[in-house]
Amino acid sequence: MDDSTNKASLREPCVPGLFSEEGEPSLHGARCTCCDTPYFPRVAACRNPGCDESRIVPCTFGGEGRLWSYSVADFPPPPPHRYDKPFMPYAIGVVDLDSGLRVVGQMVDAVEFMQVGSRVRLVIEPIHHEDGRTFTSWKFKLLDR
Amino acid sequence: MSTGLIGGENMQEVVVLGVGMHRFGKTGDAIVGEKSVTELCRHAVDMAMKDAGISWKQVQAVSAASSRFSGGKGWGLNGNDIVEDLGCTGIPVYNLSAGCAAGGNAFNIGYSLVAGGIHDIVLVVGGEVMPKGMIQTSGVEDANDPEYLRQRCVGMPGPAFWATLARRRMFDYGTTETQMAKVTVKARKCSESNPFARFQKAVSLDEVLASPYVSNPLRLFEICPVSNGAAAAVICSKAMARRFTSKPVTVATSTVATIGFDDALPRSLAGPVPSGPSFHTEAKSAVMKAFERSGIGPREISFTELQDNTCYYELAFPEEWGLCEPGEAERLLEAGETAPTGRMPINPSGGFVSFGEATTAMGVFQIAELTWQLRGQAGGRQVPDAKVGLAQTNGLGGNATAAILKR
């Protein structure tokens, strides 16, 4: 088994079932086909008070979007967040995916490259390591860097 | 009757008879030391009852602010402990949970009980001994808890919410970091003459700008730390108040609201991209309802106590509520108009930035400050000729409250 296979086999999502990286990196969400509202994570019924009839179907979200705004974790967040030590500050993006979902996620790129309005892509990346295991989450990567 | 436009016909007019507070501090310091939340509240309640001129036996119900977040995480006040400490008279106790808006919720329930004629005299109390550091919003590893998912998958502490909104304002309006720092300078100037503030020392612009980022673009001096503290208010019907005072402070209205479906910032991990600007929908909704129900407009407000977890809110909220024009807040701040002597005074108490946040106390702390201001008892931070005060809180989970008091 070469190194990359070994790494891949040890990658696992920090919370199971929410997202996947096989094929296209994607979030496992849902959409109401009545009012077109997107949801992540999945919901059992539509939460839009203006929707006439809840018709939820599973769908995935991924691809590209635009950075609506961002913040920085300059200090480690409290548990249940887990992180590799020493702590490295990271940017947290709020991204408008082209598919109509506004979603929060860590940014892959360093804080000094952040700019509101930048184009980004959804990726699955390691978020922390523990007991020889690599835990992943969804993140956003700047397209024009 | 001036109890409002909605459901006002049969409502009792409600007044604030007395208020009290324990000065805010930090566990182990000279102010609060190792005092329990019950001890802090007892101090505030005794002061409020003395101010009102009533005894414990006259209190007919307690509305207590109790902090609970999603996933069951919580600490804070249990109103039953206060009642036990004061003597179990068998009265009803309502423990209200709404994150940092709990104090405002407790005031609203107390107000509603009196307005609805259920009770004549109600004690409203909030108090907190806070765990150190950033507020831990989830205590359970439960994938159904949105707070857990956000912290585990992203790692987005409380200040990051405020920083996200502040960053967007910088993009939309060109707000600068220096302007945000000036809000703190103004707030801490007010705190110099507030004996209940945890910090009672002014800070310079350079000191604020030299403080480290907690969540860029927001710095340590621009966000409220956690504090221990307590506040209490005795409220009663206007008819009953005549026995105790000739000049009570009137509650024009009290409202509660929760976040809108299309809010700009997802409450959990994601939401639909809003079709237009939809910032702080819970706060805006609570305040707009307060204007509607009281028949008092934004331009009639003499001063405002709003939830400044961060200086950003002092810039964003006033224009969203119609106290000033959109994008005008920075100019008003720099012209000194948000100081107690300006034409749009914001947080003359010194605000959360000077007090720190003892979560459940805050909504009641605001009622105390409004009362002191409207009575003309606010000393060096007094808003000249204050006639009408607006209070507003925000709480994790999409909660908000507002109250309008008048003399």
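Residues numbered from 1 in each chain as written. Chains lettered and ligands numbered in written order. Predicted model: local features only at pLDDT ≥ 70, side-chain atom pairs only at ≥ 80, totals over all residues. Heavy atoms only, no water.

Across a regular strand the side chains alternate sides, sitting on one face of the sheet and then on the other. Residues and elements named next belong to chain A. Summarising the sheet, strand 6 (residues 64–73) and strand 9 (residues 119–130) pair through three bridges and their orientation is antiparallel. If you follow glycine 65 over to strand 9, its bridge partner there is valine 120. As defined by bridge partners, strand 9 adjoins strand 10 (residues 133–142) across 10 bridges and the pair is classed as antiparallel. From the neighbouring strand, histidine 129 faces strand 10, where its bridge partner is threonine 134. (Pairing = 2+ DSSP bridges. Helix = DSSP H or I, 4+ residues; strand = E, 2+ residues; numbered from the N terminus.)

The subject of this paragraph is the sheet that holds strand 4 (residues 121–128) of chain B. Residue and element names in this part refer to chain B. With mixed pairing, the nine strands of this open sheet are ordered in space as 3-2-4-7-1-8-12-11-10. The sheet terminates laterally at strand 3 (93–96) and strand 10 (303–305), the two strands that pair on one side only. Pairwise comparison of adjacent strand axes, ignoring direction, gives a mean angle of 20 degrees for this sheet. As judged from the five bridges shared by strand 2 (residues 61–65) and strand 4, these two strands associate in the parallel manner. When the sheet's bridge partners are listed, valine 62 is paired in strand 4 with leucine 123. Taken strand by strand, helix 3 (residues 102–115) contacts strand 1 (14–25), strand 2, strand 3, strand 4, strand 7 (228–237), strand 8 (249–258), strand 11 (388–395) and strand 12 (399–406), and its axis lies near 120 degrees from that of strand 8. (Axes fitted to C-alpha atoms, helices over the stretch in contact; angles between N-to-C directions. Contact = heavy atoms within 4.5 Å.)

The subject of this paragraph is the packing of aromatic side chains. Inspection of every chain in the model, using the stated rule, returns 13 aromatic pairs over all chains. With 5.3 Å between their ring centres and 85 degrees between their planes, A:Tyr83 and A:Phe87 make a pair best called edge-to-face. Look at A:Phe87 and you get buried, because its relative accessible area is 18%. Ring geometry for B:Phe24 versus B:Phe365: centroids 6.0 Å apart, planes at 50 degrees, classification tilted. Here B:Phe365 lies in helix 13 (residues 362–375) and B:Phe24 lies in strand 1, a separation of 341 residues in the sequence. Owing to a relative accessible area of 1%, B:Phe365 belongs among the buried residues under this scheme. Taken together through their ring pairs, the aromatic side chains of B:Phe24, B:Phe352, B:Phe355 and B:Phe365 make up a single cluster. For A:Arg102, the ring lying beneath its charged end belongs to A:Trp68, and the centroid distance is 4.1 Å. (Phe/Tyr/Trp six-rings, centres within 6.5 Å; stacked < 30°, edge-to-face > 60°. Buried < 20%, exposed > 50% of the residue type's maximum accessible area, 1.4 Å probe, protein only. Lys NZ or Arg CZ within 6 Å of the ring centre and 35° of its normal.)

All names here are of chain B. On domain assignment, one finds that chain B holds domain 1 (14–132 + 228–241) and domain 2 (146–223 + 252–406). When each unit is reduced to the centre of its C-alpha atoms, the spacing between domain 1 and domain 2 is 22 Å. Every contact between the two is made by 43 residues of domain 1 and, on the other side, 37 residues of domain 2. Summing the contributions of domain 1 and of domain 2, the shared interface buries around 2,900 Å²; its carbon and sulfur component is 67%. (Domains from an automatic or database assignment. Buried area = accessible area lost by both parts, 1.4 Å probe.)

A separate point is the nonpolar core. Of all hydrophobic cores here, the largest spans 84 residues; its most connected members are A:Leu27, A:Phe40, A:Val103, A:Trp138, A:Phe140, B:Trp321 and B:Ile404. Sorting elements by how many residues they give to this core places helix 5 (residues 158–173) of chain B first, with seven residues. Counting residues in hydrophobic clusters, the runner-up holds 42 residues, among them B:Phe24, B:Ala233, B:Leu374 and B:Leu405. (Core = buried A, V, L, I, M, F, W, Y, C linked by side-chain atoms within 4.5 Å.)

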